[in-house]
Structures are given as C-alpha cells and as structure tokens.
Amino acid sequence: QRFCSRHPAELEALAKSSNDGIERAKYVATEGARTVLVASVIKRAADIGSVDPTSYSDSDKDRALLKENKAIHSGFSAALGAWLNETHRGLSDVLRVSTPELDTLQELIAHSPNGVGARMTGGGFGGCVVALVRAQTPEEAEQVVKAAVVEPFEAKHGVRPDVWAAAIDDAGSMIQAVSE
C-alpha cells in the first residue's frame, strides 16, 4: 500500500503498458500486504517461543497456556503455508514467471497429506521451489517431499527432481531485526 501511494505514476504506466498491467499492479500491492501479515504472524510465534511441554505443570492454567502455544504455532504454519501458495499463484498466473515444472512441484507439495505450502523461489523461469511440510527433522521433511513429488513429477515431466531439506533456525528474530 505504501508503494502504491509513493509511486502512482509508475503504477499508472504499468497499467497502460499491457492489457494485464492493472492485474500485475494489484498483485504487487497485495503481495506487500500479505508479506506484512505473514511477518506479524512469524513475530507472534517467535514471541511465544518454542515451549517444552514438560516444563508445564498439570494445572489448568498451564494446560491452557500449552494449548494456546500449540494453537499459535499451528496458526503460524497455516498462515505461512497459505501465503506460500497464494504468492506462487500470483507469480505463475499474474506475473507469469513460473514454469509448468515449478507449478507441478508446487501443486504436488501443497496438496500432499503433509504439505503445508510451497512456492517458486529465485528470479523466475528457474527450477527451485521452497516448501513447508509437517515434519520433525530436516531428514523427515526430505522424505515427505520425496514421497509427494518424485514419482508423479518424473511421470509427468520425464525428469527426476532433486530434493534438499533445510531447517529454519531462529526465523522470528530475523523478522524482528528487519522490522526494527
């Protein structure tokens, strides 16, 4: 929204430059709003922190706090997964910088039983997707993704995709540092 208010001439030129310029401008504006929303969800999850369930007593108050913590982290994952999926659709359908292969990877991961969300990453027209899946370790995440994508992708595109897993460490503090 700030970009739109600061750059009306650029947005107007973009809108006039092609038939779908307005859709592209709307995507850019709404992507900024979605990013701010997801950053606030990440910050909230980081503020709560990782909770060791054994650190709670069996009191009603501690059971309620643990339930709230689990709900916040579940909401964080759902919000981040939805954001990944929405931004991929915009990159693919509006900006048209995706490829059929990347779209296939995104769809297979997002619709798999343990998939939360996925989107292409990089400069576009390339071959990388970042995915959020339900798993306890990077190794388990790698197996989840491989189970969801390798065979169907290879059957459709004739190429076997590579899969690498990574753990995100201290993402909340990165968001906090950026927002300060």
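The following refers to the structure shown. Quick caveat: nothing in here was measured; it's all calculated off a predicted structure.

1. Quick word on the nonpolar core
- Counting 18 residues, the largest nonpolar core has Leu105, Ile109, Val129, Val133, Val145 and Val149 as its most contacted members.
- Broken down by secondary-structure element, the contributors of at least two residues to this core are α5 (100-110), β1 (115-120), β2 (129-133) and α6 (138-157).
- Not counting chain neighbours up to four residues away, the residues in contact with Val145 comprise Ile109, Val133, Val150 and Val163.

2. A look at the side chain of Ser92
- Relative to the assigned elements, Ser92 resides in helix α4 (residues 60-94).
- Polar contacts involving the side chain of Ser92 include one to the side chain of Asp103, which spans 3.0 Å.
- For Ser92, the contacting residues outside a window of four places in its chain are Ser98 and Asp103.

3. Notes on the packing of α5 against α6
- Two elements in contact, α5 and α6, have axes separated by 9 Å at closest approach and are oriented at 145°. Crossing handedness for the pair α5 and α6: right-handed. Contacts between α5 and α6 involve Pro100, Glu101, Thr104, Leu105, Leu108 and Ile109 from the former and Val145, Ala148, Val149, Pro152, Phe153, Lys156 and His157 from the latter.
- Considering only residue class, the contact of α5 with α6 consists of nine nonpolar, two polar and two charged.

Calculation notes
Residues numbered from 1 in each chain as written. Predicted model: local features only at pLDDT ≥ 70, side-chain atom pairs only at ≥ 80, totals over all residues. Heavy atoms only, no water. Core = buried A, V, L, I, M, F, W, Y, C linked by side-chain atoms within 4.5 Å. Buried < 20%, exposed > 50% of the residue type's maximum accessible area, 1.4 Å probe, protein only. Helix = DSSP H or I, 4+ residues; strand = E, 2+ residues; numbered from the N terminus. Contact = heavy atoms within 4.5 Å. Polar contact = N/O pair within 3.5 Å; in protein donor to acceptor, adjacent residues only side chain to side chain. Axes fitted to C-alpha atoms, helices over the stretch in contact; angles between N-to-C directions. Left-handed = near helix turned anticlockwise from the far one by under 90°. Nonpolar A, V, L, I, M, F, W, Y, C, P; charged D, E, K, R; others polar.

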